[in-house]
Amino acid sequence: MLQATLMSAQERTFHKMNTSTDPTQTSPQGPAEAVTTDDALTMALSPEIQLAELQARHSEMSDAFLRAKAEAENIRRRAEEDMAKARKFAIEGFAESLLPVVDSLQAATAIDLEKARLEQVLEGVHATLRLLTQALERNRVVAIAPPPGTRFDPHQHQAISVVPAEQDANTVVMVLQKGYLIADRVLRPALVTVAAPK
C-alpha cells in the first residue's frame with residue numbers, strides 16, 4: 001500500500017516537472033500543489049523503505065521455497081513407502097489365488113483310501129489341477145505347449161533331441177514337458193523333440 005502511494009506520488013511529480021517550463025510556475029490547481037525540490041526528495045523512496053520492501057519480498061520467497069521443499073520431501077517419502085509396501089505384498093494376490101489349491105489338497109489327504117474309489121481320487125486330482133491352472137492364469141502365468149508341426153522357437157522351446165519325422169524339418173514333434181510364461185517372459189522353456197532334416 002505504501003509503495004503504491006509513493007509510486008503514484010512520484011508519477012504525479014514526474015509529470016508536473018516535465019510539463020512545466022518555468023520552475024516557479026504553479027500548477028493550474030493553485031499554489032498549494034506547486035512542486036518543489038524538497039517535495040520530490042520527500043516523495044522519493046528512501047533506502048530504508050527499499051530495504052524493508054526487499055526484506056519482505058525475500059521473506060515471502062524464502063517461505064514459498066521452504067513450503068515447496070517440504071512438499072517435495074513428503075511426496076518422496078510417500079513414494080518410498082508405497083514402493084516398500086508393493087515389494088512386501090507383491091505376492092499377496094498370487095498367494096491368495098493358491099489357497100483353494102491348498103484346501104483341495106488338504107481335503108484329498110483326508111480321504112479314507114480304503115473306502116474311496118480310484119475314480120473319485122482321480123477326479124479330485126483333476127479338480128485340484130484345474131484350480132492350480134486357474135490360479136496361474138489369473139497371475140498371467142500361461143503354459144507353453146506347442147502343437148506338433150509348430151516351428152521350433154529357441155526363445156520358448158528347448159530341444160531335447162532331433163528325431164526323424166514325417167513333417168517339416170526344425171518343427172516340434174512332441175512336447176515332453178510344458179514350459180511357462182509370465183507376462184510374456186519365459187519362466188521355463190518347453191522341452192520338445194524336433195524333426196530332423198530329410
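Quick summary incoming for the structure in this document.

Calculation notes
- Counting restarts for each chain: residues are numbered from 1 in the order of the written sequence.
- With pLDDT at 70 or above as the cut-off, local features in this predicted model cover only qualifying residues; side-chain atom pairs require 80 or more to be listed or tallied, and sums for whole chains, interfaces and linings still use all residues.
- Values shown for side chains rest on all heavy atoms present in the structure; no hydrogens or waters enter the calculation.
- Think of it this way: any DSSP run of H or I at least four residues long counts as a helix, any run of E at least two long counts as a strand, and we number them from the N terminus.
- To estimate the expected span of a helix, subtract one from its residue number and multiply by 1.5 Å.
- Fitting axes to the seven residues ending at a residue and to the seven starting there, one defines the bend at that residue as the angle between these axes.
- In this analysis, two residues are considered to be in contact whenever any of their non-hydrogen atoms come within 4.5 Å of each other.
- Only protein chains enter the accessibility calculation, which uses a 1.4 Å probe. A residue is then buried if its area is under 20% of the maximum for its type, exposed if over 50%, and partly exposed in between.
- At least two bridges found by DSSP between two strands is the condition for calling them paired.
- Counted as a polar contact is a pair of N or O atoms within 3.5 Å, where, for protein atoms, one must be capable of donating a hydrogen and the other of accepting one, and residues adjacent in sequence contribute only when both atoms are in side chains.
- The convention used is that axes are lines fitted to C-alpha atoms, helices contributing only their stretch in contact, and that angles between N-to-C directions extend from 0 to 180 degrees.

## Some remarks on helix α4 (residues 92-109)
Relative to the 26 Å expected for 18 residues at 1.5 Å per residue, α4 spans 26 Å between its end C-alpha atoms, a close match to the ideal helical length. Helix geometry: α4 is bent most strongly at leucine 99, by close to 30°, with proline proline 100 lying one to four residues after it. The inward-facing, buried residues of α4 contact α5 (118-138).

## Remarks on the pairing of strand β4 (residues 179-182)
Residues Gly179 and Leu181 point to one face of β4 and are all buried, whereas Tyr180 and Ile182, pointing to the other face, are not buried. Both strand β1 (residues 141-144) and β4 contribute to a ladder of four bridges, which runs antiparallel. Within β4, the residue paired with valine 141 across the bridge is isoleucine 182. In this sheet, strand β5 (residues 185-188) lies alongside β4 in antiparallel orientation, the contact comprising three bridges.

## Considerations on the side chain of threonine 128
Along the chain, the position of threonine 128 falls in helix α5. Here threonine 128 falls in the buried class, since its relative accessible area comes to 9%. Of note is the side chain of threonine 128, whose polar atom sits 2.9 Å from the backbone oxygen of glycine 124. Ignoring anything within four residues of it in the chain, the contact list for threonine 128 reads Val101, Ser104 and Leu105.

## A look at the sheet that holds β1
Strand order in this open sheet of three strands is β1-β4-β5, and the pairing throughout is antiparallel. The sheet is open, and its two edges are formed by β1 and β5, each paired on a single side. Between one strand axis and the next, the sheet turns by 35° as a mean value, whatever way the strands run.

## Description of the environment of arginine 140
Structurally, arginine 140 can be placed in the loop between α5 and β1. In sequence terms arginine 140 and leucine 181 are 41 residues apart; their C-alpha atoms lie 7.8 Å from each other. Apart from residues no more than four positions distant in its own chain, arginine 140 is found in contact with Leu181, Ile182 and Ala183.

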